[in-house]
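Here's the letter readout for the chains.
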Amino acid sequence: MSSATGTGMVSLGIYLYLAPTLPDAEQLRQIDLQTPLRVYSEDGRLMSEFGEKRRTPIRFDQVPPEFIDALLASEDDGFFEHGGVDFKGLTRAVIELIRTGRKKSGGSTITMQVAKNYYLSSEKTFTRKFTEILLALKIEKALTKQEILELYINKIYLGKRAYGIEAAAQVYYGKSIHELELPQLAMIAGLPQAPSAANPINNPERAKSRRNYVLARMRTLNKISQDQFTQAASAPITARYHGLISEVSAPYAAEMVRLDMLKRFGSDIYTAGYKVTTTINAARQQAANEALQRGLLKYDRDHGWRVNEDNREISQPVALTLTRPLSEQPPQLLEWFDKADSAFDIDWPQTLDQWRTLLNQKAVNGLLSPAIASRVYPDGAWVLTQQGEYWLPFAQINWAKPYVNVDVVGTEPGSATEVLQPGQTIWLEQTQQGFRLAQRPEAEGSLVSLRPEDGAIQALVGGFSAASNEFNRAIQADRQPGSAFKPFVYSAALANGFTPASIINDAPVVFEDASLENTWRPQNHSGKFYGPTRLREALYKSQNLVSIRILKQTGPRRAVNYITPFGFPKEKLNKDLSLALGASAVTPMELATGYAALANGGFAVKPYLITTIEDNQGNILYQADPEVACRECLNQESTESEISELEKQLQASLTLNLNTSETPTSDTLKPARAAAEVMDAQTHFLMVSMLQDVVRRGTGKRALALKRNDLAGKTGTTNDQKDAWFSGFSRDLVTTVWVGFDQPRTLGKWAYGSNTALPIWVDYMKVALDGVPQRPFQQPEGIVSVRIDAETGLLATPGQDNAIFEYFREQNIPEQPVKTAPSFDTGEASSDEEFTPEQLF
């Protein structure tokens, strides 16, 4: 038997042995590539993605022809001619391996690489290689050349966690593959050989050499002209690492989605290609980010310049002599010399390189960008950023009075040199006037904004920057809301017989406890007592002692039972008189949820973030079906045939329309699920009218800057100014803002909800309500407006000078001179002036 015959018999035997084990190549048509979880805003903008592999699969017809030419020139120039295996190339590779003991040229075609990447391991054995060959031949019979290339370009690893050419284009150039120029396309086409060791970030020179090899191969194959080759081969390396490009910055909300998905589907979420659409409104989210960050930065500036690890580090310049005369120096450097008092000895290019390396190691922190003060003068400083060098005038530095303590700052600096030193690491805030010196705030905050009719989360910010602290204060920080909780105490009182004109004595309350050395007497923030006060006036002036008295007469336990359905966990609510002062710690989300009922007419809605979940084939796995505030729905059966026209309009606005070009029809509509009513229409109107006065004439007057007549809300400040709040709303949007330190301590004696949290709320709502028509709250049946005596709360006499209009239920119109508030048998102590510890705490 000849050797050739023997070899053929062996090959046949191997084929017969391996053929039955080969997978079906047709399965490649339905292959699921490992793609990350992607999270989108309600209008389809990318918020975030989660997964170790960055991959964005694309179709063959989306790939630039120049890239296909570059790839085939580099990897398999006979791809469209061979049948899956290049036998000449394999033979040449085997001969070289035998002769030199090393593999010098590749014998694998792109089809063979597809077989290996999708079906086989990377072990280097004869059996695996033979299986690869057989499988490649099978793939060529089952798929077109274009389908094979599409599989290849979406599967290959190209370094820096990028899988597939589209992900690589985003990682290295921050662009889509079809936006790249020839040198960049050739760079990516050359990566499959050594994606980690020879990518343009890890090894620019080696990557450039590989790129130019690809270009040379393209020129040899006449895919490009000589001029194209010369120009592309001389192009500089422009690649740098680009992280995920989010169209909407909502890291706290995105993390909430990730945790929810992890509970639903487990760890498969990182590779299965799920798409989650959320309720986040992109414009409102961006406004929330900026409003909270600028508000915290302003608070920080007002309290002085702190020297800490953020701005203490000095990167000393490296000294050596300039290699060119001054006449040949860049104009910017000449300007520095002109400003300098004396010559300096610096290797400026080397120093800049060192500083740029240091800056590239620092991440942007919200609105803050890292920088280094490169040269400091009395009237300002040159600062180096990741984007370049800028002049920072003293006008953007002179706010930096030294921090003494939370209530005291030092004198204003007289020059920039009193604040900065050359080489000092700093932060810069981008403003409309250019860069401003800044520092990372120590105080934190949160903003939650909901759509009142169904609880959809429109914007959520859990802190100044998730990059520095992932703690989500919006849903994880339990803080005392202070007076921002009073509307719920007042609502319970109104539901139990009080009126906005009820007279309550704003007088001292004594707390007696033998275990304490001193008697505790709660008081108003002003330290004053105002005597008999109408309920409406007490709310907009935020008088604490009135709140204690109305809760005492309503009954703490009765009030807790009334307030809990608004969305507050019952176990968090103090069942004693401290409830009146907002001493029960809640999260910003819980407070915003409670206020949503005040905004939507008195219905308890549940906040939700996820609208739909789709698999990687576009199949809907989950679609939200929220309960909605719908008074007309309460007494109707939830059947489609009985939905009123009003309900249809509401449902159409809330039902996700996956194809926005289609108009919802009666066939696609389903009955709205009505949320539970927790507040009757009359109580709701009375409470909202009182909260509107907080804005018109009380502690919330800063909201008048929005020039709207449909706003209501309440400030909140806790003891020793440890927490500052504002919760406010229109009929279309409810928003809660909290500011404080993570480890509770005073914000300073001048910090209140009205000047710390409310300005953030105003800045946000200015954008969030832009273009939203005003919708005044409608007066319901059974509510009347009558003239009363402003001092007594009783009906006014004809022609009385101090008469004012007040709203009442028809059955509660004052008709007789009863000056005290209604009393209830609550089981509490009867004393108006002295309370036992059990009653207060």
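Please read all numbers here as calculations on a predicted model, not as lab measurements.

Novice: Can you tell me about the overall build of the chain, naming the residues and giving the values?
Specialist: If you tally the helices and strands in the chain, you get 25 helices and 27 strands. Split into buried and exposed, the 841 residues of the chain put 52% on the buried side. By sequence separation, contacts in the chain at least 24 residues apart represent 71% of the contacts at least 6 residues apart. Counting every atom, the chain has about 38,800 Å² of accessible surface; 49% of that belongs to carbon and sulfur.

Novice: Tell me about the sheet that holds strand β2 (residues 46-50), and please be specific about residues and values.
Specialist: Taken in spatial order, the 5 strands make up an open sheet running β2-β1-β3-β17-β18, and their pairing is mixed. Two strands close off the open sheet at either side, each with one partner strand: β2 and β18 (620-623). Taking the axes of each pair of neighbouring strands and ignoring which way they run, one obtains an average angle of 15° across the sheet. Across 4 bridges, strand β3 (residues 275-278) lies against strand β17 (residues 610-614) in antiparallel orientation. Bridging across to β17, threonine 277 finds its partner in threonine 612.

Novice: I'd like a rundown of the pattern of salt bridges, residues and numbers included.
Specialist: According to the stated counting rule, one finds 34 salt bridges in the structure shown. Between glutamate 49 and arginine 38 there is a salt bridge, and its shortest N-O distance comes to 3.1 Å. Of this pair, glutamate 49 sits in strand β2 while arginine 38 sits in strand β1 (residues 37-40); the two residues are 11 residues apart in sequence, bridging distant segments of the chain. With a shortest N-O distance of 3.7 Å, arginine 809 and aspartate 680 are connected by a salt bridge. Placement of arginine 809 in strand β26 (residues 803-809) and of aspartate 680 in the loop between β21 (676-677) and α23 (681-697) is noted, with a sequence separation of 129 residues between them. Among the residues examined, arginine 809 registers a relative accessible area of 8% and is labelled buried. The exposure class of aspartate 680 is partly exposed, given its relative accessible area of 34%. Taken together, the shared-partner salt bridges in this structure form one network comprising Glu290, Arg294, Arg301, Glu429 and Arg436.

Novice: Now, about the environment of alanine 186: what can you tell me, with residues and values included?
Specialist: The residue alanine 186 is located in helix α8 (residues 182-189) in this model. Residue class for alanine 186 comes out buried when judged on its relative accessible area of 0%. The sequence separation of alanine 186 and leucine 71 amounts to 115 residues, and the corresponding C-alpha distance is 7.6 Å. Among all residues touching alanine 186, those that are not within four sequence positions of it are Ala70, Arg211, Val214 and Leu215.

Novice: Tell me about the sheet that holds strand β23 (residues 723-729), and name the residues and values.
Specialist: Where strands meet in a sheet, backbone hydrogen bonds hold them as pairs that are either parallel or antiparallel. Ordered in space as β12-β11-β24-β23-β22, the 5 strands form an open sheet in which the pairing is antiparallel. A strand with exactly one partner marks an edge of an open sheet, and here the two such strands are β12 (457-461) and β22 (712-717). The sheet shows a mean angle of 5° between the axes of neighbouring strands, direction not considered. Strand direction decides the pairing type here: strand β11 (residues 444-450) and strand β24 (residues 734-740), joined by 7 bridges, are antiparallel. Bridge pairing in β24 places serine 449 opposite threonine 735. Taken strand by strand, α23 contacts β22 and β23, and its axis lies near 65° from that of β22. In the packing of helix α24 (residues 753-768) onto the sheet, the strands contacted are β11, β12, β22, β23 and β24, and the crossing angle to β23 comes to about 40°.

Novice: Talk me through the packing of aromatic side chains; I want residue IDs and the actual numbers.
Specialist: Scanning the entire structure with this criterion turns up 17 aromatic pairs. Taking 5.1 Å as the distance between ring centres and 80° as the angle between the ring planes, the aromatic pair formed by phenylalanine 79 and phenylalanine 80 counts as edge-to-face. With relative accessibility at 0%, the residue phenylalanine 79 sits in the buried group. Residue phenylalanine 80 is classed as partly exposed on the basis of its relative accessible area, which comes to 40%. Aromatic pair phenylalanine 485 and phenylalanine 568: ring centres 5.3 Å apart, planes at 65°, arrangement edge-to-face. Here phenylalanine 485 is found in the loop between α16 (473-476) and α17 (486-495), whereas its partner phenylalanine 568 is found in the loop between α20 (556-563) and α21 (588-599), with 83 residues between them in sequence. Relative accessible area serves as the criterion here: at 1%, phenylalanine 485 is assigned to the buried category. Judged by its relative accessible area of 3%, phenylalanine 568 is buried. One aromatic cluster is present, formed by Phe485, Phe488, Tyr562, Phe566, Phe568, Tyr595, Phe729 and Phe777 through successive ring pairs.

Novice: Explain the side chain of glutamine 721 to me, using residue names and the numbers behind them.
Specialist: Topologically, glutamine 721 is positioned in the loop between β22 and β23. Judged by its relative accessible area of 10%, glutamine 721 is buried.

Novice: Break down the environment of valine 257 for me, citing the residues and quoting the values.
Specialist: Along the chain, valine 257 turns up in helix α11 (residues 251-265). Judged by its relative accessible area of 1%, valine 257 falls in the buried class. Each C-alpha atom, one on valine 257 and one on leucine 609, is 7.5 Å from the other, the two residues being 352 residues apart in sequence. Setting aside anything within four residues of it in sequence, one finds valine 257 in contact with Val39, Val276, Thr278, Leu609 and Ile610.

Novice: A description of the confidence of the model for the chain should follow, citing residues and the corresponding values.
Specialist: On average, residues of the chain carry a pLDDT of 83, and 78% of them reach 70 or more. Scored below 50 in pLDDT, residues 336-346 shows 26 contacts in the model against residues more than four places distant or in partner chains.

Novice: Which residues make up the side chain of arginine 473, and what are the values?
Specialist: Its place among the elements puts arginine 473 in helix α16. One polar contact links the side chain of arginine 473 to the main-chain carbonyl oxygen of phenylalanine 471, over a distance of 2.8 Å.

Novice: Before we move on, can you summarise the environment of valine 214 with the specific residues and values?
Specialist: Secondary-structure assignment places valine 214 in helix α9 (residues 204-220). Residue class for valine 214 comes out buried when judged on its relative accessible area of 0%. Beyond its immediate sequence surroundings of up to four residues, valine 214 is in contact with Ala70, Ala73, Ser74, Ala186, Ala189 and Gly190.

Novice: Please provide a residue-by-residue account of the packing of helix α2 (residues 65-75) against α9, values included.
Specialist: Following both chains from N to C, one finds α2 and α9 inclined at 100°, their axes separated by 8 Å at the closest point. Classified by the interaxial angle, the pair formed by α2 and α9 is roughly perpendicular. On α9, the residues that touch Glu66, Asp69, Ala70, Ala73, Ser74 and Glu75 of α2 are Arg210, Val214, Arg217 and Met218. Of the residues belonging to the contact of α2 with α9, the class tally is 4 nonpolar, 1 polar and 5 charged.

Novice: An account of the nonpolar core is requested, with residue identities and associated values reported.
Specialist: The biggest cluster of nonpolar side chains holds 86 residues, and the ones touching the most others in it are Ile563 and Phe729. Contact partners of isoleucine 563, with chain neighbours within four places excluded, come to Phe485, Phe488, Val489, Phe568, Leu573 and Leu579. Ranked by size, the runner-up nonpolar core spans 48 residues in total, among them Ile110, Ile153, Ala162 and Ala169.

Novice: Mind laying out the pairing of strand β9 (residues 424-431), listing which residues take part and the relevant values?
Specialist: Among the 8 residues in β9, 7 count as buried, and that is most of the element. Direction of pairing for strand β4 (residues 368-377) relative to β9: antiparallel, over a ladder of 6 bridges. Pairing of leucine 368 across the sheet is with glutamate 429, part of β9. Hairpin geometry of β9 and strand β10 (residues 434-438) is characterised by an intervening segment of 2 residues between the two adjacent antiparallel strands.

Novice: Can you lay out unusual backbone geometry for me, pointing to particular residues and giving the numbers?
Specialist: For asparagine 222, which is not glycine, the phi torsion reads 60° and is therefore positive. Examined against the element boundaries, asparagine 222 turns out to sit in the loop between α9 and α10 (226-233). Unusually for a residue other than glycine, aspartate 720 sits at a positive phi of about 60°. Along the chain, aspartate 720 falls in the loop between β22 and β23. The class for aspartate 720 is partly exposed, based on a relative accessible area of 47%.

Novice: Account for the packing of α8 against α9, with residues named and values stated.
Specialist: Viewed as axis vectors pointing N to C, α8 and α9 meet at an angle of 105°, and their least axial separation amounts to 8 Å. Overall, the two elements α8 and α9 adopt an arrangement that is roughly perpendicular. Note on element contacts: α9 touches α8 through Ala207, Lys208, Arg211, Val214, Leu215 and Met218, opposite Leu182, Pro183, Ala186, Met187 and Ala189. Across the contact of α8 with α9, the residue classes break down as 9 nonpolar, no polar and 2 charged.

Scoring rules and cut-offs
Residues numbered from 1 in each chain as written. Predicted model: local features only at pLDDT ≥ 70, side-chain atom pairs only at ≥ 80, totals over all residues. Heavy atoms only, no water. Helix = DSSP H or I, 4+ residues; strand = E, 2+ residues; numbered from the N terminus. Buried < 20%, exposed > 50% of the residue type's maximum accessible area, 1.4 Å probe, protein only. Contact = heavy atoms within 4.5 Å. Areas by Shrake-Rupley, 256 points an atom, 1.4 Å probe, with all protein chains shown as cover. Pairing = 2+ DSSP bridges. Axes fitted to C-alpha atoms, helices over the stretch in contact; angles between N-to-C directions. Salt bridge = Lys/Arg side-chain N within 4 Å of Asp/Glu carboxyl O. Phe/Tyr/Trp six-rings, centres within 6.5 Å; stacked < 30°, edge-to-face > 60°. pLDDT = per-residue confidence, 0-100. Polar contact = N/O pair within 3.5 Å; in protein donor to acceptor, adjacent residues only side chain to side chain. Parallel < 35°, antiparallel > 145°, perpendicular 65-115°, else oblique. Nonpolar A, V, L, I, M, F, W, Y, C, P; charged D, E, K, R; others polar. Core = buried A, V, L, I, M, F, W, Y, C linked by side-chain atoms within 4.5 Å.

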